[in-house]
Amino acid sequence: LNRVDGIINGNNHKIANIKLKNSNLISSLYGELRDLEIVNFEQTNIASGGLIGNALNGSIIDNVHMSNVHIKMTGSGYCGGISSVGNNNTISNSSITNLNITREGEQIVDTSHVGGIIGYSSSSTNVMNCYVRNLNITNKKAVQATTGGLMGQMWGAGTIENCYAEGKIISDVPNTGGIIGYADVQTIENCYAKVNIMTSNTIVGGIIGSYNNTSSI
């Protein structure tokens, strides 16, 4: 789907065995995605990986659950299990179980923002009552990069509330955290991370890799 402005309600049905190459299931979400389960999601040769490419302008994702998710990135880009990019959107009551994100190739890329739920948030993204279990993220060889159990980079105002991440992150880039890689002007409430972070970089944290002083935890 290229652009969704209306409401997709899955009525708690299940979609299984999705395989995508260089595309997202939904390229741009401006409306709502609700009440859907996705099992066995595989995505390859993608710069901006995730179920949704861009969740924008008041879009809502609610009660969406994914399991057995495998994403292989190529080149510079953003990647999150549910959405690669978020802007003025809300994700609530959603989850991912068994998430694997890696990048193909050995070349050094300019940009790589990777998170369990969202790769990069540019403004006013709210994530509530969400979790990622058994995550396995590898983010290496990038000049500008962030890696987080829930979100790679969270820029601009927003909230992460009642969320957690469990699993493993392997990284040689800065800004790696169990919940967020880099936070700008955010509030994080009632969240925890049980993430084993293996990194050669010193800019790392159990909850946040690095942050602006206006963030509140």
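Refer to the structure above for everything that follows.
These remarks concern the structure in this document.

**As for unusual backbone geometry**
What you tend to see is this: most non-glycine residues have negative phi, and most peptide bonds are trans.
Moving on, step 1. Backbone geometry at Asn134 places phi at a positive 55 degrees, although glycine is not the residue there.
Moving on, step 2. Assignment of secondary structure puts Asn134 in strand β14 (residues 131–139).
Moving on, step 3. For Asn134, a relative accessible area of 49% puts it in the partly exposed group.
Moving on, step 4. Here the phi dihedral of Asn190 falls at roughly 55 degrees; this positive angle occurs in a residue that is not glycine.
Moving on, step 5. With respect to the helices and strands, the residue Asn190 is situated in the loop between β19 (180–189) and β20 (192–199).
Moving on, step 6. Classification of Asn190 by relative accessible area gives exposed; the value is 64%.

**Quick look at the side chain of Thr176**
Moving on, step 1. Along the chain, Thr176 falls in strand β18 (residues 176–177).
Moving on, step 2. In terms of polar contacts, Thr176 uses its side chain to reach the side chain of Ser171, at 3.2 Å.
Moving on, step 3. Setting aside residues no more than four positions away along its own chain, Thr176 makes contact with Thr147, Ile169, Ser171, Gly181, Ile197, Ile203, Val204, Gly205 and Gly209.

Each value, and the rule that gives it
Residues numbered from 1 in each chain as written. Predicted model: local features only at pLDDT ≥ 70, side-chain atom pairs only at ≥ 80, totals over all residues. Heavy atoms only, no water. Helix = DSSP H or I, 4+ residues; strand = E, 2+ residues; numbered from the N terminus. Buried < 20%, exposed > 50% of the residue type's maximum accessible area, 1.4 Å probe, protein only. Polar contact = N/O pair within 3.5 Å; in protein donor to acceptor, adjacent residues only side chain to side chain. Contact = heavy atoms within 4.5 Å.

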